[in-house]
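# A structural walkthrough
These are the residues of each chain, in order.
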Amino acid sequence: MDTAEAIPRVSLPVVEEVEPPPLTFRQLFWRRFRRHKLALFAAGVLLLMLLYAVGGTIFFSEAEANYTDTGLRLQGPSREHPFGTDTVGRDILARTVYGGQISLLIGLSAMVVEVLLGIVIGALAGFYGGIVDSLLMRFTEAMLNIPQLFLLIVMAKFFGGRIPNVELAGRTFSGSVIVIVLIIGVTSWMYLARIVRAEFLSIKENEYILAARATGTRNLGIIVQHILPNCMAPIVVSATLSVASAVTLEAYISFLGMGVQAPTATWGNMLDGAYNYVETAPWLWIFPGLLVVLTVLSINFVGDGLRDALDPRTLAK
Amino acid sequence: MNDNHVLVQVEDLKKHFPITRGIIVQRQIGAVKAVDGVTFDIYQGETLGLVGESGCGKTTTGRTIIQLYRPTSGRVAFDGVDLTTLAGEGLRHMRRRMQMIFQDPFASLNPRMTINRIISEPLRAHNLATPKEQIERVQELLRLVQLNPRFINRYPHEFSGGQRQRIGIARALASNPQLVICDEPIAALDVSIQAQVVNLLDELQDRLGLTYLFIAHDLSMVRHLCDRVAVMYLGKIVELAHKDELYDHPAHPYTQALLSAVPVPDPTVERRRRRIILEGDVPSPVNPPAGCRFRTRCPIGASCPDEDPQWRDLGGGHWVICHQA
Amino acid sequence: MIPLLQVQDLTVRFDVLDGLVHAVNGISYNLNEGETLGIVGESGCGKSVSVLSMMRLIPQPPGKIVAGQVLYRGRNLLDLDDAEMQHVRGKEIAMVFQDPMTCLNPVLTIGRQISEALVVHTGASWEDARRQTVRLLEMVGIPQAADRLGDYPHQFSGGMRQRAMIAMALACSPSILIADEPTTALDVTIQAQVIELVKSLRDRLGMAVIWITHDLGVIAGLAEKVIVMYAGFIVERGSVDDIYGDPRHPYTLALLKSLPRVDRSSHERLATIGGMPPDLVGLPAGCPFAARCDYRVEHCLQENPHLRSILAGHEIACWVDVAGRHEPVTGREI
């Protein structure tokens, strides 16, 4: 490793003072996010949801959530079972807690898969251009043209029973959770990839990128140090909204019976279980349904707030 | 600057940007001949000025020399090594020794990076220092360009244009380069700041033994700073000489017109001046005139033949490309 | 004979997020018929803001003209209502800017835009206006003018656009042409063309000109009287020979000494002005240039000097007279 030769000490007078920074990027961001009342409220609701799903375990154990007692089946909300019981006598409240964990976990994990795929593909296409871009974009467009639900169903059917159960954090997950996460992730990355590609195409033209090349920075360094940090805003917004869509998608597939399999609960498969009892036992679908709606709405509002707060036109000078 | 060692040899350098058309398959229908056959040497330790008006190709020349654009044809030898034959890691490695200062102090610094990371980027790119050494080196460089090292963790937008330009200079010097290409480094600065930055560049050259290619359109500043000057027009060099020789005895009609157009801050001189006013605008670099590029606007070009004019040696390092000089 | 234009104590402030920007601070000057005045200064000195406010082109929030009068032929422009002001703009006082695209509509042909000015301001018929437009374009040196009436601004090159803008400005034979950095973005040979054009038109039409720029070379060849501005104040005023040959304000002096010259061989470093331009939000008490001045005394930090006359027609805003304390700038004996 070379060491730089010492620069001769220069006693030239130091020039001008610099003003104390008005506000850092982070402070500006918070100030603007706080102005979005709805987003703040929604963030609060989300926090509650998280608390509900995670903190609820203090009150119920998983075994309780899965405890069946057919003698208690289909009872309406009561003092012992505030959300009622389902078709095999399980307590719905407890199930929404554990189901919530799975649904949210699926949402977050799918988001991670999606974001990774989207960034990698979008970055490569946008940065290298030419043949690489053409190939990747044709592939992306092909994926976009296939109806997502169809793809989901096909992949769910195909991979359905093939993945074994997983042990994580003291809970046993049916292997279908992993399948669902992967499927949702693999069928949703295209939107983000296009956004990332567009950002890369435009940021690549900036003069500081040329300067980085002149400096001798490797391509990977340019991508990671220079371009990515400058397009975090749309990535963050997209990632947030994709959690919402993942939760919704999970509800869809589970409702169709192809999602997470029993006995692991998710809000989605609880809705599926309510299919035949829509009118006769509405508590079977109202509570999980409400939770899904609340969660998805809140995420969307927070996403809106984030998008405004991160608007690059007013953040960076 | 008595060293006659040639640091950079540019031979018949060309850079054409293709103009394409077509939806599925891109066909080339023409080219912007931004640089169309440029030849000159840069001596170690000197400041060579490259001047011309917009569209003459001087910025493209600078960028093509350090291979930010790959040449369409021609050769660039840096300290004996032909850069046009290098690629990938080999080229990247050479970049340590040749750096660039850009014109726009706002666009050439990444707004999301602290100036610490901006200035130390060359050190990271070429593995020149450990993280601890990097900070020390950045502080040294900041002092060298007369900025207070205290501000090492600030962002570019907190600094003024002149200060950002100094940051750009510090970055360019981080890897101890031999050659620095200054691409209009003061054009975007206020008049009183320009003098500060030019003095700094002068000072740094003396202390560090740098070689500059100074690309500019401000002919007054070029006379002050440069040792030799090359004048470009429409992608070609038309004249090259030591600075006093060029400014006092310009041989090419374009150089003469250019110099006569530069305003002088002295009303008595201005009153006495006779300006050579050129007709019309600069022709497009897509379809330059055949033969001498300047023929269509030259006050004495009516009688010139159709062929390309040749280099003429007027002695004392004064060269001109003209049929009539 | 009263001067054509009298600016008296013009003061303009801007109310922005960071505070109150004191953009123009009580400037006064006169312009006579046919005279060419140059206003020089660096960015932020208030030269552009002062003329834009005069022409009532500054949006009134956040800008605010808090004091002063601008008398054109005796009438205060700041008192006129919008309709009257519109009549003045274009017909009596015309402006050209640095970027022609700020006053040329990209979706209208050049011919249409110039003719429209004529029709609106002089009541000419479209036929007459068209003929006059061709004459105007020829006058500003646009070749094949009649054919180019139907061209759009983007079909003109940079220099041609400037000329077209000048043609539009001159269409109604204004008494004053105000040019705000019109050649700053042009190549030097094109700049020379445009300046020659303005000079010949000025002489031919007997127009008064206010030329605003930071380029001291351009002013030396163009102006008769010069005003030097700094931080919204006028710091020196005089004839062009006075300002360049015998500068008395430390800022003017320092500015001239920091300029390299194309007609001189130079062997030393450029003289520089230390420090940075002041923040117009929190102007200190005392002279705005004091912090950077080589000649300052204690009093300079306490009280802001007003313009005072040191020789006939030559005024400076300074407590110290630097005459005789520096080498001659232009080589002329002082």
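These numbers come from a predicted model, not from an experiment.

What counts and what doesn't
Residues numbered from 1 in each chain as written. Chains lettered and ligands numbered in written order. Predicted model: local features only at pLDDT ≥ 70, side-chain atom pairs only at ≥ 80, totals over all residues. Heavy atoms only, no water. Helix = DSSP H or I, 4+ residues; strand = E, 2+ residues; numbered from the N terminus. Buried < 20%, exposed > 50% of the residue type's maximum accessible area, 1.4 Å probe, protein only. Contact = heavy atoms within 4.5 Å. Areas by Shrake-Rupley, 256 points an atom, 1.4 Å probe, with all protein chains shown as cover. Lys, Arg positive; Asp, Glu negative; His and termini not counted. Charge placed at Lys NZ, Arg CZ, Asp CG, Glu CD. Pairing = 2+ DSSP bridges. Axes fitted to C-alpha atoms, helices over the stretch in contact; angles between N-to-C directions. Phe/Tyr/Trp six-rings, centres within 6.5 Å; stacked < 30°, edge-to-face > 60°. Lys NZ or Arg CZ within 6 Å of the ring centre and 35° of its normal. pLDDT = per-residue confidence, 0-100. Expected span 1.5 Å × (residues − 1). Buried area = accessible area lost by both parts, 1.4 Å probe. Salt bridge = Lys/Arg side-chain N within 4 Å of Asp/Glu carboxyl O. Polar contact = N/O pair within 3.5 Å; in protein donor to acceptor, adjacent residues only side chain to side chain. Nonpolar A, V, L, I, M, F, W, Y, C, P; charged D, E, K, R; others polar. Core = buried A, V, L, I, M, F, W, Y, C linked by side-chain atoms within 4.5 Å. Patch = residues over 30% accessible without salt bridge, like charges linked within 9 Å, V, L, I, M, F, W, Y side chains within 5 Å. Parallel < 35°, antiparallel > 145°, perpendicular 65-115°, else oblique. Left-handed = near helix turned anticlockwise from the far one by under 90°.

## As for the overall build of chain B
A tally of regular secondary structure across chain B gives ten helices and twelve strands. Referenced to the eigenvectors of the C-alpha coordinate spread, the extents of chain B come out at roughly 65 × 60 × 40 Å. Counting only residues that meet the buried cut, chain B has 60% of its 325 residues in that class. In chain B, the share of contacts with a sequence separation of at least 24, taken over all contacts with a separation of at least 6, comes to 62%. Accessible surface for chain B amounts to roughly 12,100 Å². Of this, 49% is attributable to carbon and sulfur atoms. Positive and negative side-chain charges in chain B, numbering 38 and 36 respectively, have mean positions lying 7 Å apart.

## Thoughts on the environment of B:Gly301
Of note, B:Gly301 is situated in the loop between helix 10 (267-272) and strand 11 (311-313). Here the alpha-carbon distance between B:Gly301 and B:Glu270, two residues 31 residues apart in the chain, equals 27 Å.

## Some details on the sheet that holds strand 5 (residues 81-82) of chain B
Residues and elements named next belong to chain B. Pairing within the open sheet is antiparallel, and its four strands lie in the order 2-1-4-5. Only two strands of the sheet have a single partner each, and these edge strands are strand 2 (27-43) and strand 5. This element, helix 1 (residues 58-65), spans strand 1 (6-21), strand 2 and strand 4 (73-78) of the sheet and lies at about 115° to strand 1.

## A short note on the packing of aromatic side chains
The final tally for this structure, using the stated rule, is 13 aromatic pairs over all chains. Aromatic side chains C:Tyr230 and C:Tyr251 sit 4.6 Å apart centroid to centroid with 55° between the ring planes, which places their arrangement in the tilted category. Residue C:Tyr230 is located in strand 9 (residues 225-230), and its partner C:Tyr251 is located in helix 10 (residues 250-257); the two are separated by 21 residues in the primary sequence. Neither residue differs from the other here; C:Tyr230 and C:Tyr251 are each classed as buried. Through a chain of ring-to-ring contacts, the aromatic side chains of B:Tyr233, B:Tyr254 and B:Phe294 assemble into a single cluster. Here the guanidinium or amino end of B:Lys15 rests over the ring plane of B:Phe17, the centre of that ring lying 5.3 Å away. Cation over ring: C:Arg148 sits above C:Phe156, and NZ or CZ is 4.3 Å from the ring centre.

## Quick notes on the confidence of the model for chain C
Residues and elements named next belong to chain C. Counting all residues, the mean pLDDT for chain C is 87, and 97% of those residues have values of 70 or more. Per-residue pLDDT, averaged within each element of chain C, yields its smallest value for helix 5 (residues 145-148) (85) and its largest for strand 3 (residues 36-40) (96). Confidence metrics for the complex model read pTM 0.84 and ipTM 0.88.

## Quick look at helix 7 (residues 188-205) of chain C
Residues and elements named next belong to chain C. When the terminal C-alpha atoms of helix 7 are compared, their 25 Å separation across 18 residues agrees well with the 26 Å that a helix rising 1.5 Å per residue should span. Of all the 18 residues making up helix 7, 13 are buried; the element is thus mostly covered by neighbouring parts of the structure. Positive phi appears at Gly 206, one or two residues downstream of helix 7, with a value of about 65°.

## Structural notes on helix 5 (residues 161-173) of chain B
Between the first and last C-alpha of helix 5 of chain B there are 19 Å, a value that for 13 residues agrees with the 18 Å anticipated at 1.5 Å per step. Most of helix 5 of chain B sits inside the fold, with 13 of its 13 residues counted as buried.

## Notes on the side chain of C:Thr133
Residues and elements named next belong to chain C. Looking at where Thr 133 falls in the secondary structure, it is placed in helix 4 (residues 126-139). Taking relative accessible area as the criterion, Thr 133 reaches 0% and is therefore assigned buried. Apart from residues no more than four positions distant in its own chain, Thr 133 is found in contact with Gly 111, Ile 114, Ser 115, Leu 118 and Leu 149.

## Remarks on the interface of chain C and chain B
Counting from both sides, the interface comprises 44 residues of chain C and, opposite them, 43 residues of chain B. With both sides pooled, the region where chain C packs onto chain B buries about 3,700 Å², and carbon together with sulfur makes up 57% of that total. Per-residue buried area on chain C facing chain B is highest for C:Thr189, C:Val262 and C:Arg269; these three make up 19% of the total on that side. Note that C:Arg269 is salt-bridged to B:Asp202, the shortest N-O span being 3.1 Å. Across the chain C-chain B interface, the total number found is 16 residue pairs in polar contact (both at pLDDT 80 or more). Secondary-structure elements contributing two or more residues to the side of chain C that touches chain B are helix 7, helix 8 (216-222), helix 9 (240-245) and helix 10 of chain C. Here the side of chain C that touches chain B takes seven residues from helix 7 of chain C, the largest share from any one element. For the side of chain C that touches chain B, a count of residues per class yields 18 nonpolar, 15 polar and eleven charged.

## Section: the nonpolar core
Ranked by internal contacts, the top residues of the largest apolar core, which has 111 residues, are C:Tyr29, C:Ile176, C:Ile178 and C:Ile210. If one sorts the elements of this core by residue count, helix 6 (residues 158-170) of chain C sits on top with eight residues. Setting aside residues no more than four positions away along its own chain, C:Ile210 makes contact with C:Leu5, C:Tyr29, C:Leu31, C:Leu37, C:Ile39, C:Met54, C:Ile176, C:Leu177, C:Ile178 and C:Ala179. In terms of nonpolar packing, the next biggest core, distinct from the first, is built from 68 residues, B:Ile186, B:Val197, B:Val238 and B:Leu278 among them.

## Focus: a nonpolar patch on the surface
Residue and element names in this part refer to chain A. On the surface, Leu 38, Phe 41, Val 293, Leu 297 and Phe 301 cluster together into a nonpolar patch covering about 470 Å² of accessible area. Taken together, the elements giving at least two residues each to the nonpolar patch come down to helix 2 (37-55) and helix 12 (283-309). The element best represented in the nonpolar patch is helix 12, accounting for three residues. Structurally, Val 293 is set in helix 12. Accessibility expressed as a relative area gives 47% for Val 293, which makes it partly exposed.

## Remarks on the packing of helix 5 (residues 130-145) of chain A against helix 7 (residues 175-203) of chain A
For any two helices packed against each other, the geometry comes down to the angle between their axes and how far apart the axes lie. Residues and elements named next belong to chain A. The interhelical angle for the contact between helix 5 and helix 7, taken along N-to-C directions, is 135°, at an axis separation of 9 Å. Between helix 5 and helix 7, the angle falls in the class oblique. The handedness of the crossing between helix 5 and helix 7 comes out as left-handed. When helix 5 is examined against helix 7, the residues Asp 133, Met 137, Phe 139, Thr 140, Met 143 and Leu 144 are found in contact with a partner set consisting of Val 186, Trp 189, Met 190, Tyr 191, Arg 194 and Arg 197. In terms of residue class, the contact of helix 5 with helix 7 is built from eight nonpolar, one polar and three charged.

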